[in-house]
Amino acid sequence: MEKERLIWFKGEVMPVSQAKVNVLSPTSQFGANVFEGLRAYWNKEDEQLYIFRLDEHAQRLLNSIKMMRFEDKFSYNLLIESCKEIIKANEFKEDIAIRQTVFLDGFGSWFSTSPIEMFIAPIAKKRLLPAEKNGVSCCISSWERINDNSLSPKIKVGANYINSRAGQLEALRNGYDFTIFLNNKGHVSEGPGSCLFFVRDGKLITPPITASILESITRATIIQIAKEELGIEVVEREVDRTELYIADEMFLCGTAVEMIPVLSVDRIDIGDGLEGELTKKIKKTYFDIVRGENKRYLKWLTPVY
Ligand code: PMP
């Protein structure tokens, strides 16, 4: 029988089935929780499990806590150490995904600010691109992306994903793999759980952080490695919908999706409808870095063992 996974829950390590949350808590009733999705990659040669950009995830979690006006309870060090502790306790020696969630516990209202608690759990996250496919089809959502003046996409709060859900369910209903949102200004924003890049005339283009997107860690990683490792010019600027139709290459990126080529938008082929050459190069560079094979970026990796 498979051993039950262990979870870090309110300061203790316990089997997942023993972690209980009050059904009347604001996290349960209103999605009042902020979270991070992380990945760790097993490097066979180094016999090491590397958590990718743990520091940046901890910092973004603290930012989410601050923007939500949650009680300031968890130190940066605790966020980092507890994450390492639970991976170690599970004795993982394989690629894994982790959910680190800070939530409003107890019996409370949607405007409560405490008590705040945390869990960190390994989650089953299979690769999102089916093995038989080398890219995905996308549509432009009829749903508008949430914006900073209503429900900020910069806060990685559970409730935000109701917007992602509406768009993604529509895409699936209509036979597409993923949705792409436009923001309240009518410009291209992001995917339901990923950011978007495309190539035109050899330049890598992505909407700016003011385009109603999450400040994605993968996006920042790709911008840096495209410039530093591959000498590609990167442009962050407003993007119109039709510009996507005439892009040469396109991909989605994020911790969960990693890098997924987009082969069509609204049934219009991107380039020749195949994975692009620059996309392939960036993807290879990205995977070499996350797995610790490119030693120049070890600063982004936290060894667990
Ligand atoms: N946008 C949204 C809405 C997301 O949920 C995610 C995944 N966390 C991303 C972008 C990608 O962010 P990251 O690269 O930090 O995982």
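Refer to the structure presented above.
My aim in this report is to walk through the structure given alongside it, one point at a time. Computed from a predicted structure; not experimentally measured. (Residues numbered from 1 in each chain as written. Predicted model: local features only at pLDDT ≥ 70, side-chain atom pairs only at ≥ 80, totals over all residues. Heavy atoms only, no water.)

So, the state of the cysteines
Definition in use: Our working definition of a disulfide is a cysteine sulfur pair at a distance within 2.5 Å.
Tallied over the entire structure, the rule returns 0 disulfides. As a non-bridged cysteine, Cys253 has Cys195 as the owner of its nearest cysteine sulfur, 5.5 Å distant.

A short note on the nonpolar core
So the rule is basically this: Here, nonpolar core refers to any group of buried Ala, Val, Leu, Ile, Met, Phe, Trp, Tyr and Cys residues whose side-chain atoms link them within 4.5 Å. Burial classes follow relative accessibility: with a 1.4 Å probe on protein chains only, a residue under 20% of its type's maximum area counts as buried, one over 50% as exposed, and anything between as partly exposed. Secondary structure elements follow DSSP: runs of H or I no shorter than four residues count as helices, runs of E no shorter than two count as strands, and numbering proceeds from the N terminus. Here a residue-residue contact requires only that any non-hydrogen atoms of the pair lie within 4.5 Å.
Judged by nonpolar contacts, the single largest core of 31 residues is most densely connected at Val34, Leu49, Ile87 and Val102. Listed by contribution, the elements that provide at least two residues to this core are strand 3 (33-43), strand 4 (48-52), helix 2 (54-67), helix 3 (76-89), strand 5 (96-104) and strand 6 (116-123). Val34 has contacts with Leu61, Ser64, Ile65, Met68, Phe70, Gln100, Thr101, Val102, Ile155, Lys156 and Val157, leaving out every residue within four places of it along the chain. The next biggest cluster of nonpolar side chains, apart from the first, holds 26 residues, and it includes Tyr50, Phe52, Cys195 and Leu301.

Side note on unusual backbone geometry
Residue Pro115 is reached from Ser114 by a cis peptide bond, and omega for that bond is -5°. For Pro115, the location among the structural elements is in the loop between strand 5 and strand 6. In this structure, Arg69 is a non-glycine residue whose phi angle is positive, near 60°. Mapped onto the secondary structure, Arg69 falls in the loop between helix 2 and helix 3. Its relative accessible area of 68% is what places Arg69 among the exposed residues.

Re helix 5 (residues 217-228)
Defined as follows: A helix is expected to span 1.5 Å multiplied by its residue count minus one.
Helix length check: helix 5, at 12 residues, gives a terminal C-alpha distance of 16 Å against a target of 16 Å (1.5 Å per residue), a fit within 8%. Buried residues of helix 5: Ile217, Thr218, Arg219, Thr221, Ile222, Ile223, Ile225 and Ala226, and no others.

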